[in-house]
Amino acid sequence: MADVKKVATRESYGNALKELAEEFPDLVVLDADLAAATKTGIFKKAYPDRHIDCGIAESNMMGVAAGLSLTGKIPFCSSFAMFAAGRAFEQVRNSIGYPHLNVKIGATHAGITVGEDGASHQCNEDIALMRTIPGMVVMCPADDVEAKAAVRAALEHEGPVYIRFGRAAVPVINDRPDYKFEIGKGTVLREGKDVTIVATGICVDSALGAAEKLAAEGISAEVINICTIKPLDEDIIVASAKKTGKVVTVEEHSVIGGLGSAVCDTLCAKCPTPVRKIGMQDVFGESGSAGELVKKYGLDADGVYKVVKEFV
Amino acid sequence: MDNLELKKHANDVRKGIVTATHAAKCGHPGGSLSSADLYTFLYFEEMNIDPKNPAKEDRDRFVLSKGHTAPGLYSALAYRGFFPVEDLKTLRHLGSYLQGHPNMHIPGVDMASGSLGQGISAAAGMALGAKLGNKDFRVYTLLGDGELEEGQVWEAAMFSGFRKLDNLCVIVDNNGLQIDGPIDQVCSPYPIDKKFEAFNFHVINVDAHDFDALRNAFKEAKETKGMPTAIIMHSLKGKGVSFMEGSVDWHGKAPNDEEYAVAMADLAKIDEELAKEGN
């Protein structure tokens, strides 16, 4: 596994915007002075007239996107997750969600892998915030392939969509010929019978790594990749929970309100099952390299392995 | 349209405001009444709209950034023929499409609003969309003067001035009163005109209740190229209803049965005067 290709999903996002620009002539891209970091700069370079830098004013950017969508444009607006979902939450709710406008939000630098910038910029709350908005689609792609597919799916979807991208390069795990993407559909990446690991975003790779280690010890873990947290693929989760009887969720996000909570909501109602939630345990992050932080907060393969091992 | 006709329509719009808030037993009559002449002017003269085809593509757009004065907008839309005037009595009632603040399910409403400071951004986006799409419609948005305390207003103003959105017209209803009292005693946004000028707007001060002045202002706005226009409209809160005029108490309170009768009598008196003016 030494030569695994690694790409940051923000990079995939910028590339996808550029690649889809001709096919979607109404696509316009908005940014809030972070085009270089969010990678919408890739689009800007190719289509300068369709890139609107709103300056450091995320709240206004969301409103401008709303207005643009009402004239037939399909705006993708970008900032760091902290500012797109956090600072501008109420604008997203009232100016985009409530009127159910065709606005897409591409939020980068989500979670603790923002790294050295520290807790002020590490948004571990965006999934929770966005999934409470009626009609909002919430996605968290695991790798380059899925990130690009999610951008396309968002453009094809009519209505508001939030996609979460990461800063750090992550392994490409979905590069296979039969790969298909559909909003609201999860994927069983590895079949198992003793425990189900449901993961999203960069933690999917951690879950696969953990399953490998567990297998060596005779524990058979099923790994499910959930890119769309809302609407959640309830069937795939319930079917797996029925089979294994134990579920572990893994996300680079607070364990309050994110994937873990969404999975629990479903299981409580449809298939009560013991669950362990791996994620940020109601704490803020801190400065450090992405790798160090993922390890410290137990989001790497080793961290997932330890929780699952103790659980089963 | 001649001024007398506009005045008659405006008085109807005021009756609709009083009737709707009375029926709702809540709502915001004060700021609706101060803007009633403006709504009337926009929907009966200024804007390119079609009540029979509210979504027609080349229509001018209006965003009510001060969304709480929905009764005024709804009343103007109803009297202009977008939906039955009778429906105004269902304002804020369970099951009614006339929600407490504008939403997308109301014929003639171009944007949901109500959370202050947000409508102007959407209006700026629409104006930019028109430019990008080479469409020649204009975009109007009405803000309260208290609303100017919201930071987002100035984000949007900076954006609109910088982008030279000359198809955007921002109107400020400067009635001087907000919920907690006179705006210059709560957190003064004055000087309003100089602020917009500093954000690269063409600024026009106007009497909100003088149709000639409004007509001239909107003409000047249309002729202004290379920058958006801000029309600062000096108005009287509660205008037309004796006991509501200039009173902060009527910002967000509905008239009871007795007050409703007095208010409607006030407006009937105006009707009589207008009838005399016509003879």
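Thresholds applied
- Residues numbered from 1 in each chain as written.
- Chains lettered and ligands numbered in written order.
- Predicted model: local features only at pLDDT ≥ 70, side-chain atom pairs only at ≥ 80, totals over all residues.
- pLDDT = per-residue confidence, 0-100.
- Domains from an automatic or database assignment.
- Contact = placed C-beta atoms within 7 Å.
- Helix = DSSP H or I, 4+ residues; strand = E, 2+ residues; numbered from the N terminus.
- Nonpolar A, V, L, I, M, F, W, Y, C, P; charged D, E, K, R; others polar.
- Core = buried A, V, L, I, M, F, W, Y, C linked by C-beta atoms within 7 Å.
- Buried ≥ 20, exposed ≤ 12 C-beta atoms within 10 Å, placed from the backbone.
- Expected span 1.5 Å × (residues − 1).
- Pairing = 2+ DSSP bridges.
- Axes fitted to C-alpha atoms, helices over the stretch in contact; angles between N-to-C directions.

Asks: Could you give an account of the confidence of the model for chain B, with specific residues and numbers?
Replies: Mean pLDDT over chain B works out to 98, with 100% of the residues at or above the 70 mark. Reported confidence for the predicted complex is 0.96 by ipTM and 0.97 by pTM.

Asks: Requested: an account of the domain arrangement of chain A, with residues and values cited.
Replies: Residue and element names in this part refer to chain A. What the domain assignment lists for chain A is domain 1 (6-171) and domain 2 (187-305). For domain 1 versus domain 2, the distance between C-alpha centres works out to 24 Å. Listed by partner, the interface residues are 27 residues for domain 1 and 29 residues for domain 2. Mapped onto the side of domain 1 that touches domain 2, the elements with two or more residues apiece are helix H7 (126-131), strand E6 (137-139), helix H8 (144-156) and strand E8 (169-171). Along the lines of polarity and charge, the residues of the side of domain 1 that touches domain 2 split into 15 nonpolar, seven polar and five charged.

Asks: I'd love a proper account of the nonpolar core, names of residues and values included.
Replies: Core analysis: the biggest nonpolar cluster contains 189 residues, and Ile197 and Ala207 of chain A have the highest contact counts within it. When residues of this core are assigned to their parent elements, the largest contribution, eight residues, is made by helix H5 (residues 119-132) of chain B. The residue makeup of this core includes at least three contributed by each of domain 1 (6-171) and domain 2 (187-305) of chain A. Ignoring anything within four residues of it in the chain, the contact list for Ile197 of chain A reads Ala207, Ala210, Ala211, Ala221, Glu222, Val223, Val248, Val250, Val304 and Val308 of chain A.

Asks: Talk me through helix H9 (residues 203-216) of chain A; I want residue IDs and the actual numbers.
Replies: Residue and element names in this part refer to chain A. Between its first and last C-alpha, H9 extends 20 Å over 14 residues, near the 20 Å set by a 1.5 Å rise per residue. Buried residues in H9 make contact with E8, strand E9 (187-190), strand E10 (195-199), strand E11 (221-225), strand E13 (247-254) and helix H13 (301-311). At the exit of H9 stands Gly218, carrying a positive phi of roughly 85 degrees.

Asks: Tell me about unusual backbone geometry, residues and numbers included.
Replies: In this chain, Lys230 of chain A is followed by Pro231 of chain A through a cis amide linkage whose omega measures -5 degrees. Tracing the backbone through its elements, the reader meets Pro231 of chain A in the loop between strand E12 (228-230) and helix H10 (234-244). Going from Tyr190 of chain B to Pro191 of chain B, the amide bond is cis rather than trans, its omega being -5 degrees. Looking at the secondary structure, you find Pro191 of chain B in the loop between helix H7 (183-186) and helix H8 (192-198). The backbone phi angle of Asp33 of chain A is positive, close to 65 degrees, even though this residue is not glycine. Topologically, Asp33 of chain A is positioned in the loop between strand E2 (27-31) and helix H2 (35-38). Assessed through the 15 C-beta atoms surrounding it within 10 Å, Asp33 of chain A is described here as partly exposed.

Asks: Describe the sheet that holds strand E3 (residues 168-174) of chain B, listing the residues and the values that go with them.
Replies: Residue and element names in this part refer to chain B. Reading across the sheet, the five strands line up as E1-E2-E3-E7-E6 and stay open at both edges, with parallel pairing between neighbours. Two strands close off the open sheet at either side, each with one partner strand: strand E1 (61-64) and strand E6 (202-207). Neighbour to neighbour, the strand axes of the sheet diverge by 20 degrees on average, direction disregarded. In this fold helix H9 (residues 211-223) packs onto E3, E6 and strand E7 (229-234), with an angle of close to 170 degrees to the strand it touches most, E6.

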